[in-house]
Amino acid sequence: MKALLVIGFVIVVLGILSFFVPVPHTEHHGRDAGDIHVGVNTHHDELLPPYVGVMLIAVGGALMVVGGRKRA
């Protein structure tokens, strides 16, 4: 059961980081015309929506509670 405690802790940390660390995202926009390919790559750094961080923290907390319980 200690594995659930560790996994829950990692998920909580990821949830907290999701509020501060942007996720890199690259898109490719292009056209093909025969043998010619013209394109542009755009790079974005976006934060995750706040509800994702809240859900990660809630799930991680629940896993920590379940993993921290002693079996009788």
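Here we summarise the structure given alongside this text. Quick caveat: nothing in here was measured; it's all calculated off a predicted structure.

### Some details on a nonpolar patch on the surface
Here is step 1: Taken together, the side chains of Val-6, Phe-9, Val-10, Val-13, Leu-14, Ile-16, Leu-17, Phe-19, Phe-20, Val-21, Val-54 and Ile-57 define a hydrophobic patch exposed on the protein surface, amounting to about 1100 Å² of accessible area.
Here is step 2: Mapped onto the nonpolar patch, the elements with two or more residues apiece are α1 (2–17) and α2 (50–68).
Here is step 3: The element best represented in the nonpolar patch is α1, accounting for 7 residues.
Here is step 4: Examined against the element boundaries, Val-21 turns out to sit in the loop between α1 and β1 (23–33).

### Overview of α2
Because an α-helix completes one turn every 3.6 residues, residues spaced three or four positions apart along the sequence face the same direction.
Here is step 1: Taking 1.5 Å of rise per residue, the 19 residues of α2 would be expected to cover 27 Å, and the 27 Å separating its terminal C-alpha atoms lies within 8% of that figure.
Here is step 2: Those residues of α2 lying buried are Gly-53, Gly-60 and Gly-67. Seen from one end, α2 has its buried residues packed into an arc of 65°, which puts them on one side. Residues of α2 that are exposed and point more than 90 degrees away from the buried face comprise Pro-50, Tyr-51 and Met-55.

### Quick word on the side chain of Ser-18
Here is step 1: By secondary structure assignment, the location of Ser-18 is in the loop between α1 and β1.
Here is step 2: When residues no more than four places from it in sequence are discounted, the contact partners of Ser-18 are Leu-47, Leu-48 and Gly-53.

### Things to note about the packing of α1 against α2
Here is step 1: Running from N to C, α1 and α2 point in directions that differ by 160°, and their axes come no closer than 7 Å. With respect to each other, α1 and α2 are oriented roughly antiparallel. Taken as a pair, α1 and α2 cross one another with a handedness that is left-handed. Here Lys-2, Leu-4, Leu-5, Ile-7, Gly-8, Phe-9, Ile-11, Val-12, Leu-14, Gly-15 and Ile-16 of α1 come into contact with α2, specifically with Gly-53, Leu-56, Ile-57, Gly-60, Gly-61, Leu-63, Met-64, Val-66, Gly-67 and Gly-68.
Here is step 2: Taken together, the residues of the contact of α1 with α2 break down into 13 nonpolar, 7 polar and 1 charged.

Rules and cut-offs
- Residues numbered from 1 in each chain as written.
- Predicted model: local features only at pLDDT ≥ 70, side-chain atom pairs only at ≥ 80, totals over all residues.
- Heavy atoms only, no water.
- Patch = residues over 30% accessible without salt bridge, like charges linked within 9 Å, V, L, I, M, F, W, Y side chains within 5 Å.
- Areas by Shrake-Rupley, 256 points an atom, 1.4 Å probe, with all protein chains shown as cover.
- Salt bridge = Lys/Arg side-chain N within 4 Å of Asp/Glu carboxyl O.
- Helix = DSSP H or I, 4+ residues; strand = E, 2+ residues; numbered from the N terminus.
- Expected span 1.5 Å × (residues − 1).
- Buried < 20%, exposed > 50% of the residue type's maximum accessible area, 1.4 Å probe, protein only.
- Arc of directions from axis to C-beta.
- Contact = heavy atoms within 4.5 Å.
- Axes fitted to C-alpha atoms, helices over the stretch in contact; angles between N-to-C directions.
- Parallel < 35°, antiparallel > 145°, perpendicular 65-115°, else oblique.
- Left-handed = near helix turned anticlockwise from the far one by under 90°.
- Nonpolar A, V, L, I, M, F, W, Y, C, P; charged D, E, K, R; others polar.

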